[in-house]
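A closer look at the structure
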Amino acid sequence: MSDIQRVAEQYIAVWNETDADKRRALITEVFTEDATYTDPLGAVTGHDGVDGFIAGAQAQFAGLSFSLPAAPDAHHDIARFQWYLGPEDAEEPLAIGFDVITVEDGRIKQVLGFLDKMPG
């Protein structure tokens, strides 16, 4: 497994972790301290910002989970990948997004997110 594949899988795991303490531990492991996250719904910086943003999304989409439908495409320290959000066994995801990450020393430094499909 490539390093970028591992980072992308860890990133998705952070979004799926609903236990606040475990999620925070994963954020510390996966993101740099000064990481930035930007998508059409918000922009945050640092572990506290990322944690709060993810907690808010989890509250809004309770019971749904994120998945990677395909391997990331990467070069240098940059990767892009699509993600799905929906019930575990859904044939069609409720939401689809596309994220671009910058990795520094094996951890995410920046996330630029795009929303391709959102429910309602």
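Position labels on residues start from 1 in each chain and follow its written sequence. Side-chain atom pairs in this predicted model are given and counted only at pLDDT of 80 or more, local residue features only at pLDDT of at least 70, and totals for whole chains, interfaces and linings cover all residues. Hydrogen atoms and water are omitted, and side-chain values are computed over all heavy atoms in the structure.

Before going further, it helps to examine the pattern of salt bridges. One speaks of a salt bridge when a side-chain nitrogen belonging to Lys or Arg is within 4 Å of a carboxyl oxygen belonging to Asp or Glu. Summed over all chains, the structure comprises 7 salt bridges. Residue D73 pairs with R80 through a salt bridge whose shortest N-O separation is 2.9 Å. Among the residues examined, D73 registers a relative accessible area of 42% and is labelled partly exposed. Judged by its relative accessible area of 43%, R80 falls in the partly exposed class. Put simply, R23, R24, D48 and D51 are held in one network by salt bridges that share partners. Each residue gets one of three labels from its accessible area relative to the maximum for its type: buried under 20%, exposed over 50%, partly exposed in between, using a 1.4 Å probe on protein chains only.

This part takes up the pairing of strand β5 (residues 78-86). Here, any two strands with at least 2 DSSP bridges between them count as paired. Per the convention used, a helix needs a DSSP run of H or I reaching at least four residues, while a strand needs a run of E reaching at least two, with both numbered from the N terminus. Note: strand β3 (residues 65-67) against β5, 3 bridges, orientation antiparallel. If you follow F66 over to β5, its bridge partner there is L85. Adjacent in sequence and paired antiparallel, strand β4 (residues 73-75) and β5 are bridged by 2 residues, among which H76 carries a positive phi angle near 50°. Where β5 lies against strand β6 (residues 95-104), 8 bridges are found, and the strand directions are antiparallel. Looking at the pairing, I78 lines up with T102 of β6.

This paragraph deals with the packing of helix α2 (residues 20-30) against helix α3 (residues 46-60). For every element, the axis is a line fit to its C-alpha atoms; helices are fit only across the contacting stretch, and the angle between N-to-C directions ranges from 0 to 180 degrees. For the pair α2 and α3, the least separation of the axes is 10 Å and the interaxial angle reads 135°. Relative to α3, α2 is oriented oblique. Two packed elements cross with a definite hand, and for α2 against α3 that hand is right-handed. Contacts between α2 and α3 involve R23, R24, I27 and T28 on the former and, on the latter, H47, D48, V50, D51, I54, A55 and Q58. Three categories are distinguished: nonpolar for Ala, Val, Leu, Ile, Met, Phe, Trp, Tyr, Cys and Pro, charged for Asp, Glu, Lys and Arg, and polar for the others, with Gly belonging to the last. In the contact of α2 with α3, the residues fall into 4 nonpolar, 3 polar and 4 charged. Convention used here: angles under 35 degrees read as roughly parallel, angles over 145 as roughly antiparallel, angles from 65 to 115 as roughly perpendicular, and any remaining angle as oblique. Take the far helix as the reference: if the near one is turned anticlockwise from it by less than a right angle, the crossing is left-handed, and if turned clockwise, right-handed. Any pair of residues with heavy atoms lying within 4.5 Å of one another is described as a contacting pair.

What follows covers α3. Look at α3: 21 Å from first C-alpha to last across 15 residues, which is about the 21 Å you get at 1.5 Å a residue. Of the residues making up α3, those classed as buried are G46, H47, G49, V50, D51, F53, I54, A57 and Q58. For α3, the secondary structure elements touched by its buried residues are α1 (3-16), α2, β1 (31-39), β2 (42-45) and β7 (107-117). A helix is expected to reach a length of 1.5 Å times the quantity of its residues less one.

On to the packing of aromatic side chains. What describes a pair of aromatic rings is the distance from one ring centre to the other and the angle between the planes of the rings. Stacked, edge-to-face and tilted are the three classes for Phe, Tyr and Trp ring pairs, Trp counted by its six-membered ring, which pair at centre distances within 6.5 Å; planes under 30 degrees apart are stacked, over 60 edge-to-face, the rest tilted. Taken as a whole and judged by the stated rule, the model has 8 aromatic pairs. Between Y11 and F31, the ring centres sit 6.2 Å apart and the planes meet at 55°, which makes this aromatic pair tilted. Placement of the pair is Y11 in helix α1 and F31 in strand β1, with a sequence separation of 20 residues. Under the relative-accessibility criterion, Y11 is labelled buried at 1%. Judged by centre distance (5.2 Å) and plane angle (55°), the ring pair of W15 and F66 falls under tilted. Residue W15 is found in helix α1, and its partner F66 is found in strand β3; the two are separated by 51 residues along the sequence. Residue class for W15 comes out buried when judged on its relative accessible area of 7%. Members of the aromatic cluster, joined through ring pairs, are Y11, W15, F31, Y37, F53, F66, F81 and W83.

All quantities given are derived from atomic positions and should not be read as evidence of function.
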